[in-house]
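Given next are the chains, with one letter for each unit.
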Amino acid sequence: MSAPQDEWSEEEEKDSTLESLIESEDGLSDNQAIYQKHLSDPDPEVRALVIEGLWHYPDPVLIDPLMELARHDPDPRVRNRAIVGMGRYVYEGEMAGYDYDWGEMGDIDMMYEDELPEADYQRVVAFLLDIARDPSASLDEQRFSIEALGFSSEPEIADLLERAYQSPHLDMKASALFAMGRSGKTRWDSYVLAEIDSPEPQLQYEAVRAAGALFLDEATHSLIRLASYATDPDLRHEAIWALGHMTPLDAWQLLEDIAQDPTEDDETRQVAEVALEEYYLHQQMAEAELEPFDEDEGGNGYFIER
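Residues numbered from 1 in each chain as written. Predicted model: local features only at pLDDT ≥ 70, side-chain atom pairs only at ≥ 80, totals over all residues. Heavy atoms only, no water.

Draft legend 1. Spotlight on the overall build of the chain. A tally of regular secondary structure across the chain gives 16 helices and 0 strands. A total of 306 residues make up the chain; the buried ones form 50% of that total. The contacts of the chain with a sequence gap of at least 6 include a subset with a gap of at least 24, amounting to 65%. With an accessible surface of roughly 15700 Å², the chain has 50% of that area assigned to carbon and sulfur atoms. (Helix = DSSP H or I, 4+ residues; strand = E, 2+ residues; numbered from the N terminus. Buried < 20%, exposed > 50% of the residue type's maximum accessible area, 1.4 Å probe, protein only. Contact = heavy atoms within 4.5 Å. Areas by Shrake-Rupley, 256 points an atom, 1.4 Å probe, with all protein chains shown as cover.)

Draft legend 2. Spotlight on the nonpolar core. Membership of the largest hydrophobic core comes to 88 residues, with the highest contact counts inside it found for L128, L223 and L243. The leading source of residues in this core is helix 7 (residues 118-133), at 8 residues. L128 has contacts with I83, M86, V90, S145, A148 and L149, leaving out every residue within four places of it along the chain. (Core = buried A, V, L, I, M, F, W, Y, C linked by side-chain atoms within 4.5 Å.)

Draft legend 3. Representation of the pattern of salt bridges. According to the stated counting rule, one finds 16 salt bridges in the structure shown. As a salt-bridge pair, D134 and R71 come within 3.2 Å of each other at their nearest N and O atoms. With D134 in the loop between helix 7 and helix 8 (139-149) and R71 in helix 4 (residues 63-72), this pair connects stretches of sequence that are 63 residues apart. The exposure class of R71 is partly exposed, given its relative accessible area of 34%. Taken together, the shared-partner salt bridges in this structure form one network comprising D64, D120 and R123. (Salt bridge = Lys/Arg side-chain N within 4 Å of Asp/Glu carboxyl O.)

Draft legend 4. Spotlight on the packing of helix 9 (residues 155-165) against helix 10 (residues 170-183). Here helix 9 crosses helix 10 at 145°, and the two axes come no closer than 7 Å. The hand of the helix 9/helix 10 crossing is left-handed. On helix 10, the residues touching L161, A164 and Y165 of helix 9 are M172, K173, A176, L177, A179 and M180. Grouping the amino acids of the contact of helix 9 with helix 10 by side-chain chemistry returns 8 nonpolar, no polar and 1 charged. (Axes fitted to C-alpha atoms, helices over the stretch in contact; angles between N-to-C directions. Left-handed = near helix turned anticlockwise from the far one by under 90°. Nonpolar A, V, L, I, M, F, W, Y, C, P; charged D, E, K, R; others polar.)

Draft legend 5. Up close: unusual backbone geometry. Although it is not a glycine, F215 sits at a positive phi angle of roughly 55°. Inspection of the secondary structure puts F215 in the loop between helix 12 (201-213) and helix 13 (220-229).

Draft legend 6. Structural view of the side chain of D134. Here D134 falls in the buried class, since its relative accessible area comes to 16%. A polar contact of 2.7 Å, which involves the side chain of D134, links it to the side chain of S136. In contact with D134, other than residues within four places in its own chain, are R71 and Q142. (Polar contact = N/O pair within 3.5 Å; in protein donor to acceptor, adjacent residues only side chain to side chain.)

Here it is as structure tokens:
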């Protein structure tokens, strides 16, 4: 027997409210308590949504609940979302200054006030490694663990990505490329360049994304071609975004042309405008001899389940 209409409306309203909250996250609001309240909701769609929202709040108190959901939630989508969400803790651990010498300032507690404790970082990495290596875990659970570990500089992660890239499973290979982009390591440049013209759309898309994340100038000409002529709008937009992380003036010129072209649709022009902002930021950092970084630490394609 179907559920009463008012029950359906209540659930749909809850989903809609959570989706709106997630879309409005700006780093200034604090919706953690709202998300946490629904973490054990009976509706798996709600649980999946709140996990996505909690990406913006890497509170160590949430690590154990996320681990529990990742291992034992009855719904596979929720398990996958929890694994993806734990990637934020890997990112936070990599950004922390555990081994940085602060000199005389090292005794000031405020230097470490918002830092993820190293013990929490290490146990999240160990947990994700266990899933990635667990033969009883589903392919999705394994590959999303690898994506989450992409941020990590732990030595064993490189071997894990290498094996994932050699996998006969297309989804696993795509996840390896995604994780390579997250790693920021030049050792993966040749892998990304090899797939940027792949006949497999999924691999090509992830290679384009990784080229942008890796600031891979050698991919510029291929990205220009895709940004100009790709028939898949998602692929074209990803190529436009990636061009914002390239150095050559050709990249800047195409982004300017697209942003100012009245025949382009609004979404494409907006993507080009955002890419131009990234381009200028990249140039300023290069002039200051600073390492490139992603201004949006979680909202630029990081929480993605394919």
